[in-house]
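# Chains, contacts and geometry: an overview
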Amino acid sequence: MKKNNFGIYLLLVLPATILFFIFHTIPAVMGIFYSFTDWNGLKPTYKMVGFINYLNVFKDKDVLDAYLFTFKFAILTTVIVNVVSLCIALALNSNIKLKNFFKGLYFMPYILSMLIVAYIFNYFFANFWIDIMGYLGIEKWMVNPLGNEKGAWLAIVFVTVWQSAAFNTVLYLAGLQTISEDLYEASALDGANKWKEFWGITFPMIAPFFTINMVLSLKGFLQVFDQVLALTGGGPFGVTRSIALLIYKNGFSGNEFAYQSANAVIYFVVIVAISLIQLRYLQKREMNL
Amino acid sequence: MKKPLSLALALLISISMLSACGSNKSSDSSTNGETTKSGEKVKVEFFQYKSEAVATYDKLIAKFETANPGIDVVQTNVPEAATVLKTRIAKGDVPDIISVGGDAQFEDLATNGVLADLTDYPGQANVIENYKKTLQAITGTEELYGVPFAANADGIIYNKDEFTALGLKVPTTKDEMDKVLETIKTAGKVPFYFAFKDAWTAVPAWNVFVADLQPASFFTDRKAGTTTFATAHKDLMNQYIEFMQNGQSGDRFTNGYNDGNAEFAKGSSVMYLQGVWAIPEILKANPDIKLGVFAYPLSNDTSKNYLVSGVDVLFSLSATSKVTAEATKFIDFMMEADNAQQYIDEQKSFSTINNIFQNDEVYSDLKPIFAEGRVADFPDHYINGMAVDVILQELMQKKNVDNALAEMDTQYDKMASR
Amino acid sequence: MRTKRTNWLATCFLIAGSVFLLFPLYMTFMLSIKDNKEIADSVLAFPKVWRWENFITAAEKVNYWQKFKNSSIITVLTVTFTLFTNSFVAYAIKKKFDHKFFKGLYFYFISAMFVPFPIIMLPVVKLTARLGLDNLYGLILLYIVYGLSFNVLLYVGYLRSLPQELDEAAIVDGASVWQTFWKIIFPLLAPINATVAIITTVWAWNDFLLPLIMLDQESQTTLPLAQFIFQSKFGQDTNLAFASYLMAMAPLLIVYILAQKWIISGVTRGAVK
């Protein structure tokens, strides 16, 4: 009986697994294979070159800069997105006027295309930012941040937070709604203040949501692509070139397909490693809370 | 609660089904013309990278198809053409005719066996010798992997009305240029409008500085390792930086190419440092503006003030095309005098074909230069693979000449070692 | 006692935030409804003439209805097939999780989430072309297959929260695995199906890179891709560009406004488990 069943379940998953293998795993293996060749994506032939591409990747300043930017961006954005969305979720979960309207509004950015949002902000930064800064009297910032060495990456963070905080907000809100009122009432009797209440009750209760949000956000932001392409195209002078953009631009339009494949393999290892470390660490904290 | 969603979904589905039926029919009739026997037509795909030229090509293709009812030419124009072309080649689905500019991408395609050898193509006989040499220099081969069709020019675009109002005339020497800049600034106007958010907008001017001012044997010497950018280009880069100080005040990194064209069109500056490819865009933004173009007067010796001109459009054939005969027929058609004339008239570019001239008023200042042959090739062909645009953009923000030159040397060596 | 007082601090915070959220949309609308001359005068003021014809012009220029049709076909088919296929794959995995093969399969799917897209980009293009799948339908297939990664995670998580006895009773009754799933389990999956449907809809509708490299015929392009093309071709016509952006976002926005409450609770309920 049991054996029989096993066969049926196997039959159920097999088609999907085979398709997944063909369209995801095989291409990934092919990508890894190319990283050991000198193929430029165009010529009909290529030869194996061993680890040369990998060695060159480590020596390449462009690659190093792209990693620095991507990490700087991903870490800051993850922190801001989670702080902002947690604040919004707390506010939405309290007794407020027009609750449903606000809920609807704050989730809205999630359904918008990142590419189009970035185009809209592109106009905003070129036409409004300077006026706003002039009005505020901050002369130093009266430039289009997207064309500025120091401002460009922060502008990208800003746009990303605008669009991405929505989804995390909903997850936190879901977490907050699982906390029963009784817990708070007990603590209210003890005379705990809001701050203590948050760290004593609220945060431990939503810790699993915090963990999943942190991991998914960081993983997603490490692969940042659309908004960079639409906002700066990696500029000015390459300071906002993310790893995904570098691989795409140099590997496809440029002449470095095999070389950028090697870069992509390293990138994959890095993302997996970071996600695992993060998961371990956060889960440990979760238990200690 | 579920009703609104299912309602909306149903609406979405039914609309999409409706429009599916509707547009299927219309797209059929628009692409294949009046054909029910489209099976008998030979389809030739014409992949071209200039979005500005789509309408012009459409007209010419219609004319061609009327004369050759057996051939269906399909024009493909997409953004990120380089990427799309590369994925198409990876697929083995190479377009029959590929039209690109004389640039790094053409070099890649030609040297990787994607393009057919067109050295013996009869049409080459009508092409101005210089442009054929340009293609050979780009690919580094004796063979020609394309036939040059249109050329561009890299000069200084100026607003004629502003020039008249300020009592200026077109400068031909460095001293005259300095006076022009001085007059414009004294009048409280802006000489150049810059749009450095797009890095490459700093390159057109740079190309002329290099073509006019660098030692003639620089690239050969650099290849041999007897000179460096740091030594040979220092002086001209200093001149370049000084020249580029005549831009608008405030942030020059706010706008990109499109906004820059629009700003110049509405009179934000008197002159504009862009190639002639920007002219149709400027005219689109302000059809009433009177434009002219002159060669950069960088030297007091007028014979050294070259007009930089390169191959803007070339036609090449896929090495694996199955309809070479039909594709060649279309190229023949495009190279015919009146069609080539129509193209350069509408696109405001120059012909690479002997005895076809650009007579537009805009280019009256360039005519004598072309007649004299005082024309130089784009120097950046020799440094394909270097990110000159990015280096120059950084230079414009940080003004550090030594760093920029050092970076050029580093990138050159990196490129050469590949 | 806590429930009665309105929290004005939070309300004010949310009102301030709304300005922040709505401003870009207001700006987009104002840009799309004027001519370029009036934009030069003032972007934010109400226009003297409401130029609704901008939307018609922009629709003609990007061939809006064709792109709308493409995006709709992709989204509707992707979501439908994703719901039906991904859920029972997850069900099988969850049922046989004790077995090494299925446990391995679970981690196999999930780990694929971390593979950066650029690495598979060119090989996928080659592969789909060879199989004749470099078109809308190939794209739909890829979405369904790639969706497995995240959806298996969601479904398995949700299935674990359901009581175990339900389907076992049915199986003992002699119902086949197939019947049990569709009759007993699938209806119970409604909340998580909603979550998956929403996430998949948003993804398939807005995705940009995959259509960019997969679809090389202009007639097959999707709405986001059309914006990208529009941006590079008609970048100077600010009003038309923004009219076009607005129209690309409108279908999802309308669905969202109509079904907002249901969508949010869908995502929320799915997430809690």
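Computed from a prediction, not measured in an experiment: that's the story for all the values here. (Residues numbered from 1 in each chain as written. Chains lettered and ligands numbered in written order. Predicted model: local features only at pLDDT ≥ 70, side-chain atom pairs only at ≥ 80, totals over all residues. Heavy atoms only, no water.)

## A few points about the overall build of chain B
Spelled out, the test is: Helix and strand definitions follow DSSP, with helices as H or I runs of at least four residues and strands as E runs of at least two, each counted in order from the N terminus. Put simply, the radius of gyration uses C-alpha atoms, and a globule should come to 2.2 Å times the residue count raised to 0.38. Residue exposure (1.4 Å probe, protein chains only): buried if accessible area is under 20% of the type maximum, exposed if over 50%, otherwise partly exposed. When checking whether two residues touch, look at their non-hydrogen atoms; a contact exists if any pair is within 4.5 Å. Each accessible area is a Shrake-Rupley result for a 1.4 Å probe, and residues are judged covered by the shown protein chains and nothing else. In this count, Lys and Arg are taken as positive residues and Asp and Glu as negative ones, while His and the chain termini are left out. Throughout, a charge is located at the NZ atom of Lys, the CZ atom of Arg, the CG atom of Asp or the CD atom of Glu.
The secondary structure content of chain B amounts to 18 helices and eleven strands. Over its C-alpha trace chain B gives a radius of gyration of 24 Å, about what one expects of a compact globule, namely 22 Å for 418 residues. Dimensions of chain B along its principal axes, counting C-alpha atoms only, are 65 × 65 × 45 Å. Going through the 418 residues of chain B one by one, you find that 54% of them count as buried. A separation of at least 24 residues holds for 77% of the contacts in chain B among residues at least 6 apart in sequence. Accessible area for chain B stands at about 17600 Å²; split by element, carbon and sulfur atoms hold 53% of it. Side chains of chain B carry 38 positive and 56 negative charges; the gap between the two charge centres is 5 Å.

## A closer look at the pairing of strand 4 (residues 147-151) of chain B
Residue and element names in this part refer to chain B. The following threshold applies: For two strands to count as paired, DSSP must find a minimum of two bridges between them.
Burial runs high along strand 4: five of the five residues are buried. Alignment of strand 4 against strand 9 (residues 311-317), held across four bridges, turns out to be antiparallel. From the neighbouring strand, Pro 148 faces strand 9, where its bridge partner is Leu 314. Bridge count for strand 4 against strand 10 (residues 350-351) is two bridges, and the pairing is antiparallel. Within strand 10, the position partnered with Ala 150 by the bridge is Ser 351.

## Re the environment of Gln 75 of chain B
Residues and elements named next belong to chain B. Threshold: The definition of a polar contact used here is a pair of N or O atoms within 3.5 Å, where within protein one atom must be able to donate a hydrogen and the other to accept one, and adjacent residues in sequence count solely through side-chain atom pairs.
Along the chain, the position of Gln 75 falls in strand 2 (residues 71-76). On the basis of relative accessibility, which here comes to 17%, the residue Gln 75 falls in the buried class. Placed 14 residues apart in sequence, Gln 75 and Ile 61 show a C-alpha to C-alpha distance of 8.4 Å. The residues touching Gln 75, leaving out its near neighbours within four places in the chain, are Phe 46, Gln 48, Ala 53, Val 54, Tyr 57, Asp 58 and Ile 61. Within the structure, the side chain of Gln 75 is placed 2.9 Å from the side chain of Gln 48, a separation counted as a polar contact. In this structure the side chain of Gln 75 is engaged in a polar contact, spanning 2.9 Å, whose partner is the side chain of Asp 58.

## Description of the sheet that holds strand 5 (residues 156-159) of chain B
All names here are of chain B. Here we have three strands laid out as an open sheet, ordered 6-5-7, and antiparallel in their pairing. The open sheet is flanked by strand 6 (271-272) and strand 7 (291-294), the only strands paired with a single partner. Inspection of the sheet shows strand 5 paired to strand 7 by four bridges, in the antiparallel sense. Among the inter-strand pairings, Ile 157 is bridged to a residue of strand 7, identified as Val 293.

## A short note on the pattern of salt bridges
Quick note on the threshold: By salt bridge we mean one thing: a side-chain nitrogen of Lys or Arg within 4 Å of a carboxyl oxygen of Asp or Glu.
Applying the stated criterion to the full structure yields 25 salt bridges over all chains. In this structure, Lys 61 of chain A engages Asp 65 of chain A in a salt bridge whose closest nitrogen and oxygen atoms are separated by 3.2 Å. With Lys 61 of chain A and Asp 65 of chain A both in helix 3 (residues 61-93), this residue pair falls four residues apart, about one helical turn. According to the relative accessible area criterion, Asp 65 of chain A is partly exposed, its value standing at 30%. Linking Glu 149 of chain A and Lys 398 of chain B is a salt bridge whose minimum nitrogen-to-oxygen distance equals 3.2 Å. Placement of the pair is Glu 149 of chain A in the loop between helix 6 (129-136) and helix 7 (152-177) and Lys 398 of chain B in helix 17 (residues 388-398), with the two residues belonging to separate chains. Classification of Glu 149 of chain A as partly exposed rests on a relative accessible area of 28%. Judged by its relative accessible area of 39%, Lys 398 of chain B is partly exposed. Each of Glu 149 of chain A together with Glu 394 and Lys 398 of chain B takes part in one network of salt bridges that share partners.

## Re the nonpolar core
Defined as follows: To define a nonpolar core, start from buried Ala, Val, Leu, Ile, Met, Phe, Trp, Tyr and Cys residues and group those joined through side-chain atoms within 4.5 Å. Each domain's limits were defined by an automated method or a database of domain assignments.
Residues Phe 107 of chain A together with Ile 93 of chain C are the most contacted members of the largest nonpolar core, which totals 196 residues. No fewer than three residues from each of domain 1 (8-41) and domain 2 (59-272) of chain C sit in this core. With residues up to four places along the chain from it excluded, the contact list for Phe 107 of chain A reads Ala 166, Phe 167 and Val 170 of chain A together with Tyr 256, Ile 263, Ile 264 and Val 267 of chain C. Core analysis: the second largest hydrophobic core is formed by 94 residues, Leu 135, Tyr 145, Tyr 158 and Phe 218 of chain B among them.

## Topic: the packing of helix 11 (residues 234-243) of chain B against helix 18 (residues 401-417) of chain B
All names here are of chain B. In plain terms, the rule: Every angle, taken between N-to-C directions, lies between 0 and 180 degrees, and every axis is a line fitted to C-alpha atoms, over only the stretch in contact when it is a helix. Should an angle lie under 35 degrees it is considered roughly parallel, over 145 roughly antiparallel, and from 65 to 115 roughly perpendicular; all remaining angles are considered oblique. The crossing is said to be left-handed when, going from far helix to near helix, the turn is anticlockwise and less than a right angle, and right-handed when the turn is clockwise. Lys, Arg, Asp and Glu make up the charged group, whereas Ala, Val, Leu, Ile, Met, Phe, Trp, Tyr, Cys and Pro make up the nonpolar group; the residues left over, Gly among them, are polar.
Where helix 11 meets helix 18, the closest approach of the two axes is 10 Å, and the angle between their N-to-C directions is 125 degrees. Relative to helix 18, the element helix 11 is oriented oblique. For the pair helix 11 and helix 18, the crossing hand works out as right-handed. Packed against helix 11, whose contacting residues are Lys 234, Met 237, Asn 238 and Ile 241, the element helix 18 presents Val 401, Asp 402, Ala 404, Leu 405 and Met 408 at the interface. For the contact of helix 11 with helix 18, a count of residues per class yields six nonpolar, one polar and two charged.

## Examining the sheet that holds strand 1 (residues 42-48) of chain B
Pairing within the open sheet is mixed, and its six strands lie in the order 2-1-3-9-4-10 (chain B). At either end of the open sheet lies a strand with only one pairing partner, and these are strand 2 and strand 10 of chain B.

## Some thoughts on the interface of chain C and chain A
Inclusion rule: By buried area we mean the combined loss of accessible area, with a 1.4 Å probe, across both parts when two parts are placed together.
Between chain C and chain A, the residue contacts involve 93 residues of the former and 87 residues of the latter. Approximately 8300 Å² of surface area, both sides summed, lies buried where chain C meets chain A, with 81% of it carried by carbon and sulfur atoms. Counting every contact that joins chain C to chain A gives zero salt bridges. Where chain C touches chain A, the interface holds nine residue pairs in polar contact (both at pLDDT 80 or more). In terms of residue count, helix 1 (residues 8-32) of chain C provides more of the side of chain C that touches chain A than any other element does, 17 residues in total. Here the residues of the side of chain C that touches chain A are counted per class, giving 71 nonpolar, 16 polar and six charged.

## What to know about helix 10 (residues 190-206) of chain C
The condition is simple: Expected helix span is taken as 1.5 Å per residue step, with the number of steps being one fewer than the number of residues.
When the terminal C-alpha atoms of helix 10 of chain C are compared, their 24 Å separation across 17 residues agrees well with the 24 Å that a helix rising 1.5 Å per residue should span. Most of helix 10 of chain C sits inside the fold, with 15 of its 17 residues counted as buried.

## Notes on helix 7 (residues 174-186) of chain B
Residues that lie three or four places apart on an α-helix share one face, since the helix turns once every 3.6 residues. All names here are of chain B. Rules: In this description, the arc belongs to the directions extending from the helix axis to the C-beta atoms.
Between the first and last C-alpha of helix 7 there are 18 Å, a value that for 13 residues agrees with the 18 Å anticipated at 1.5 Å per step. Of all the residues in helix 7, the buried ones are Met 177, Val 180, Leu 181 and Ile 184. Angular distribution of buried residues about the axis of helix 7 spans 95 degrees; they occupy a single face of the element. Among the exposed residues of helix 7, those pointing more than 90 degrees away from its buried face are Lys 179 and Thr 186. Looking at the buried side of helix 7, the elements it contacts are strand 5, helix 6 (160-165), helix 11, strand 6 and strand 7. Looking at the residues trailing helix 7, positive phi occurs at Gly 188, about 80 degrees.

## Quick word on the interface of chain B and chain A
Every contact between the two is made by 22 residues of chain B and, on the other side, 28 residues of chain A. Contact between chain B and chain A buries roughly 2100 Å² in total, counting both sides, with carbon and sulfur atoms accounting for 50%. Among the residues chain B hides against chain A, the three largest losses belong to Lys 86, Asn 112 and Lys 197 of chain B. Together they make up 29% of the total. Inspection of the region where chain B meets chain A yields two salt bridges. There are twelve residue pairs in polar contact (both at pLDDT 80 or more) connecting chain B and chain A. The residue makeup of the side of chain B that touches chain A, split by class, is six nonpolar, seven polar and nine charged.

## Describing the domain arrangement of chain B
All names here are of chain B. One can read the domain layout of chain B as domain 1 (42-153 + 310-360) and domain 2 (154-309 + 378-416). A straight line from the C-alpha centre of domain 1 to that of domain 2 covers 28 Å. Domain 1 puts 16 residues into the contact, and the matching count from domain 2 is 16 residues. Between domain 1 and domain 2 we count zero salt bridges in total. Taken together, the links from domain 1 to domain 2 amount to three residue pairs in polar contact (both at pLDDT 80 or more). Contributing elements (two or more residues each) for the side of domain 1 that touches domain 2: helix 4 (104-111) and helix 5 (129-139). Across the side of domain 1 that touches domain 2, the residue classes tally to seven nonpolar, five polar and four charged.

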